[in-house]
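# Structural characterization, general
As a plain string of letters, each chain reads:
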Amino acid sequence: MGDDNNVNLPPGFRFYPTDEELVVHFLHRKAALLPCHPDVIPDLDLYPYDPWELDGKAMAEGNKWYFFSRKTANRITGNGYWKPLGVDEPIFTSASKKVGMKKCYVFYIGEEPEGVKTNWIMQEYMLSESGSSSSRSSKRRGNPKVDYSKWVLCRVYEHDCDDGGGDGMELSCLDEVFLSLDDLDEISFPNYN
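All of these numbers come straight from a predicted model, not from anything done at the bench. (Residues numbered from 1 in each chain as written. Predicted model: local features only at pLDDT ≥ 70, side-chain atom pairs only at ≥ 80, totals over all residues. Heavy atoms only, no water.)

A few words now on the overall build of the protein. Across its full length, the protein carries 3 helices and 6 strands. Start at the N end of the protein and walk to the C end: the helices and strands fall as α-β-β-β-β-β-α-β-α. Within the protein, buried positions represent 37% of all 193 residues. The contacts in the protein between residues at least 6 apart in sequence include a share of 65% that link residues at least 24 apart. Of the accessible surface of the protein, which amounts to about 12,200 Å², a share of 52% is contributed by carbon and sulfur atoms. (Helix = DSSP H or I, 4+ residues; strand = E, 2+ residues; numbered from the N terminus. Buried < 20%, exposed > 50% of the residue type's maximum accessible area, 1.4 Å probe, protein only. Contact = heavy atoms within 4.5 Å. Areas by Shrake-Rupley, 256 points an atom, 1.4 Å probe, with all protein chains shown as cover.)

Right, let's talk about helix α1 (residues 19-31) for a bit. The α-helix advances 3.6 residues per turn, and as a result positions three or four apart in sequence lie on the same side. Among all positions of α1, only Asp19, Leu22, Val23, Phe26, Leu27, His28 and Ala31 are buried. Where α1 ends, the next residue or the one after it, leucine 33, has phi of about 60°, a positive value.

With that settled, consider the side chain of lysine 102. With respect to the secondary-structure elements, lysine 102 resides in strand β4 (residues 98-109). In this structure lysine 102 comes out as buried when scored by relative accessible area, which is 9%. Among the polar contacts listed, one links the side chain of lysine 102 to the side chain of aspartate 19, at a separation of 2.9 Å. Apart from residues no more than four positions distant in its own chain, lysine 102 is found in contact with Asp19, Val87, Asp88, Glu89, Ile91, Gln123, Glu124 and Tyr125. (Polar contact = N/O pair within 3.5 Å; in protein donor to acceptor, adjacent residues only side chain to side chain.)

On to a nonpolar patch on the surface, then. Side chains of Trp52, Ile109 and Val116 sit close together on the surface and give an oily, nonpolar patch of about 290 Å² of accessible area. Inspection of the secondary structure assignment puts tryptophan 52 in the loop between α1 and β1 (59-61). Residue tryptophan 52 is classed as partly exposed on the basis of its relative accessible area, which comes to 41%. (Patch = residues over 30% accessible without salt bridge, like charges linked within 9 Å, V, L, I, M, F, W, Y side chains within 5 Å. Salt bridge = Lys/Arg side-chain N within 4 Å of Asp/Glu carboxyl O.)

With that settled, the discussion passes to the packing of aromatic side chains. For the structure shown, the criterion picks out 7 aromatic pairs. With 5.7 Å between their ring centres and 85° between their planes, tryptophan 52 and phenylalanine 107 make a pair best called edge-to-face. Taken together, the residues span a long stretch of sequence, with tryptophan 52 in the loop between α1 and β1 and phenylalanine 107 in strand β4 at a distance of 55 residues. Residue class for phenylalanine 107 comes out buried when judged on its relative accessible area of 0%. Note on phenylalanine 68 and tryptophan 151: the rings are 6.5 Å apart at their centroids and 80° apart in plane angle, and the pair reads as edge-to-face. Residue phenylalanine 68 is located in strand β2 (residues 64-70), and its partner tryptophan 151 is located in strand β6 (residues 151-158); the two are separated by 83 residues in the primary sequence. (Phe/Tyr/Trp six-rings, centres within 6.5 Å; stacked < 30°, edge-to-face > 60°.)

Right, here's the structure in full:
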């Protein structure tokens, strides 16, 4: 499903960025008007589209869609709305420097507040207000000050709620180890006495 949108990636490469990479390598460069290589994430006004309409409009990798959007308070689409879920989560670099925030939303079909909750999740990444060395260097080149509040990067996906472990469900290595421990009762080990 997502292979058609990965035309800017070399064959065999997959787009599987960490939160830090989304903020530092993509969102910060977008806000600072710096080129991004590879340039694979499109600009998209999210709010006219329902999440199931993103295919072909946003950058897709597997069951996840990525796009830049202008930050807005209006998160209402044609058939529903995005409701905040939980609290903002800080994004840190490997050097423990805070570079951004992640806010999660869940999509509801219908009008607020009586909407019906769906399995669609949006993670919205925003830059922290403290600029980095890139913003200082852009000032030296005569570029205007970076406005960190204008752009967000969104990752949208449909959460798989199957208890049976459907085809799209990914397990961590630790999950697989714990699940395999249940099978030990059924395994007979050879007796080397």
